[in-house]
Amino acid sequence: MKPTIAFIGIGNMAGAIIGGLIASGYPAKKILGTSRTQAKREHFEQQYAMITLADNREAVSKADVVVLCVKPAQMQEVVSAFADQVRDEQMFISVAAGIELSALARWLGKDVSVVRCMPNTPSQLGAGVSGLIANAHTSEDQKAWVSSVFESIGVSIWVEDESQMHAVTALSGSSPAYFFQFLEAMIKTGKEQGLSEETCRRLAANAMLGAARMATELEQPIDQLRKNITSPKGTTEQALLSFEASGIDNIVRTAMLACMDRSKEMAQLFSGNADS
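## Let's talk about the overall build of the chain
Item 1. Looking only at helices and strands, the chain features twelve helices and eight strands.
Item 2. Across the 276 residues that make up the chain, the buried fraction comes to 41%.
Item 3. For the chain, restricting intrachain contacts to residue pairs at least 6 apart in sequence, the fraction spanning at least 24 positions comes to 63%.
Item 4. For the chain, the computed accessible surface area is about 15,600 Å², with 54% contributed by carbon and sulfur atoms.
Item 5. Treating the 25 positive side-chain charges of the chain as one cloud and the 30 negative ones as another, the clouds have centres 4 Å apart.

## Some remarks on the side chain of Thr 34
Item 1. If you trace the backbone, Thr 34 turns up in strand S2 (residues 31-34).
Item 2. Only 3.1 Å separates the side chain of Thr 34 from the backbone nitrogen of Gly 9, close enough to count as a polar contact.
Item 3. Those residues in contact with Thr 34 that lie beyond four places of it in its chain are Phe 7, Ile 8, Gly 9, Ile 10, Leu 53, Asp 55, Asn 56 and Ala 59.

## Describing the packing of aromatic side chains
Item 1. Counted under the stated rule, the structure contains three aromatic pairs.
Item 2. Taken together, a centroid distance of 6.3 Å and an interplanar angle of 10° make the contact between Phe 82 and Phe 92 stacked. Placement of Phe 82 in helix H4 (residues 72-82) and of Phe 92 in strand S5 (residues 91-94) is noted, with a sequence separation of ten residues between them.
Item 3. The residue whose ring lies beneath Lys 143 is Trp 158, and the NZ or CZ to ring-centre distance is 4.8 Å.

## Topic: the pattern of salt bridges
Item 1. Going through the model one piece at a time under the given rule, you end up with nine salt bridges.
Item 2. A salt bridge links Arg 87 to Glu 89; its shortest N-O distance comes to 2.9 Å.
Item 3. Note on Glu 89: relative accessible area 55%, which makes it exposed.
Item 4. The partner of Glu 162 in a salt bridge is Arg 116, and the shortest N-O contact between them spans 2.9 Å. Taken together, the residues Glu 162 in the loop between strand S8 (154-158) and helix H7 (165-173) and Arg 116 in strand S6 (residues 113-118) connect sequence positions 46 residues apart. Exposure class is identical for Glu 162 and Arg 116. Each is buried.

## What to know about the packing of H7 against helix H8 (residues 175-192)
Item 1. Remark: H7 packs on H8, axes separated minimally by 5 Å, with the N-to-C direction vectors making an angle of 35°. Contacts between H7 and H8 involve Thr 169, Ala 170, Leu 171, Ser 172 and Gly 173 from the former and Ser 175, Pro 176 and Tyr 178 from the latter.

## Some thoughts on the pairing of S5
A regular strand carries its side chains on alternate faces of the sheet.
Item 1. Along S5, one buried face is formed by Met 91 and Ile 93 and the opposite face, lined by Phe 92 and Ser 94, is buried too.
Item 2. Two elements, strand S4 (residues 65-68) and S5, share four bridges in a ladder whose sense is parallel. Counterpart to Val 65 in the pairing with S5 is Met 91.
Item 3. Each parallel crossover has a hand, and for S4 linked through H4 to S5 it is right-handed.
Item 4. Here four bridges tie S5 to S6, and the two strands are oriented parallel to one another.

## Here we look at a negative patch on the surface
Item 1. Negative charge collects at one region of the surface, where Glu 140, Asp 141, Glu 160 and Asp 161 lie side by side.
Item 2. Under the relative-accessibility criterion, Asp 141 is labelled exposed at 65%.

## Remarks on the sheet that holds S2
Item 1. Here eight strands make up an open sheet; going across it, the order is S3-S2-S1-S4-S5-S6-S7-S8 and the pairing mixed. Looking along the sheet, the strands with just one partner apiece sit at the ends: strand S3 (51-53) and S8. Going across the sheet, the axis of each strand differs from the next one's by a mean of 25°, ignoring polarity.
Item 2. Its contacts with the sheet put H4 on strand S1 (5-8), S4 and S5, and the angle it makes with S4 is roughly 155°.
Item 3. Against the sheet, helix H5 (residues 101-108) contacts S4, S5, S6 and strand S7 (128-134), and its axis sits at roughly 135° relative to S6.

## Considering the layout of surface pockets
Item 1. Approximately 1,100 Å³ is the volume found for the second largest pocket.
Item 2. Lining the second largest pocket are 39 residues, and of these Gly 9, Cys 69, Val 70, Lys 71 and Gln 74 lie nearest its centre.
Item 3. Secondary-structure elements contributing two or more residues to the lining of the second largest pocket are helix H1 (12-23), H4, H7 and helix H12 (248-272).
Item 4. Per element, the largest residue contribution to the lining of the second largest pocket is five residues, and it comes from H4.
Item 5. Partitioning the lining of the second largest pocket into residue classes produces 18 nonpolar, 15 polar and six charged.

Definitions and cut-offs
- Residues numbered from 1 in each chain as written.
- Predicted model: local features only at pLDDT ≥ 70, side-chain atom pairs only at ≥ 80, totals over all residues.
- Heavy atoms only, no water.
- Helix = DSSP H or I, 4+ residues; strand = E, 2+ residues; numbered from the N terminus.
- Buried < 20%, exposed > 50% of the residue type's maximum accessible area, 1.4 Å probe, protein only.
- Contact = heavy atoms within 4.5 Å.
- Areas by Shrake-Rupley, 256 points an atom, 1.4 Å probe, with all protein chains shown as cover.
- Lys, Arg positive; Asp, Glu negative; His and termini not counted.
- Charge placed at Lys NZ, Arg CZ, Asp CG, Glu CD.
- Polar contact = N/O pair within 3.5 Å; in protein donor to acceptor, adjacent residues only side chain to side chain.
- Phe/Tyr/Trp six-rings, centres within 6.5 Å; stacked < 30°, edge-to-face > 60°.
- Lys NZ or Arg CZ within 6 Å of the ring centre and 35° of its normal.
- Salt bridge = Lys/Arg side-chain N within 4 Å of Asp/Glu carboxyl O.
- Axes fitted to C-alpha atoms, helices over the stretch in contact; angles between N-to-C directions.
- Pairing = 2+ DSSP bridges.
- Right-handed = clockwise from strand over helix to strand, strands pointing away.
- Patch = residues over 30% accessible without salt bridge, like charges linked within 9 Å, V, L, I, M, F, W, Y side chains within 5 Å.
- 1 Å grid on protein atoms, 1.4 Å probe; cavity = no way out; pocket = protein on both sides within 12 Å on 5 of 7 lines; lining within 4 Å.
- Points joined across faces, edges and corners; volume = space filled by probe spheres on them.
- Nonpolar A, V, L, I, M, F, W, Y, C, P; charged D, E, K, R; others polar.

Now the structure itself:
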């Protein structure tokens, strides 16, 4: 028996998850979505043949699993408004950055299963990676079901300590933007050498895609993959020496720590001080 899933807030991430579920064979009639905007409800109904509602309370009352896809700053208000509809047997999944499990549990008002997820935007193409953590009320069977949901849009990885979600954010949640900025710089330099933007994008983006596939599909250590294409006194070596001279390890480390620091600030802002 497939559980009925309600998505509270149907935006890009909800659309990615819903699309992945339906592509993997999940019945659209078992999926609900909410939005205050009629045009958005009509779009999701037409694209996915699913049921949409304007009322979050109604959606929660009909669901076995509730996926919270609202902005962090709105989460407490949204959850509090439907809390009286929460049932003991339900499971709640949040994809909002910075909202901790303990805060969600307080707002829900019951000892229910709660899972926190940090997905990323490549989920829209079925190539995402999602970091997951669950509270003590979540069973192993429930965790396995959640894994199957997020593996319909890519890869899912569980962590045991919620503090590790800050590192997950820096490693995968935010990192597609790092790679896009790197690509922008490469494309800009290629254009300076007379190539068209389209040519630069195809060359650099496909090289990045190929490197990512090698890193995920081959068993060799990452440093060995780098060494395999770095001939002594060759062109690649000169580029890498330039990176080293610019302190690339420290640049990346500083950027990731800044990302993690902001993630911690958001957790304090949206979770730790939520009831003060």
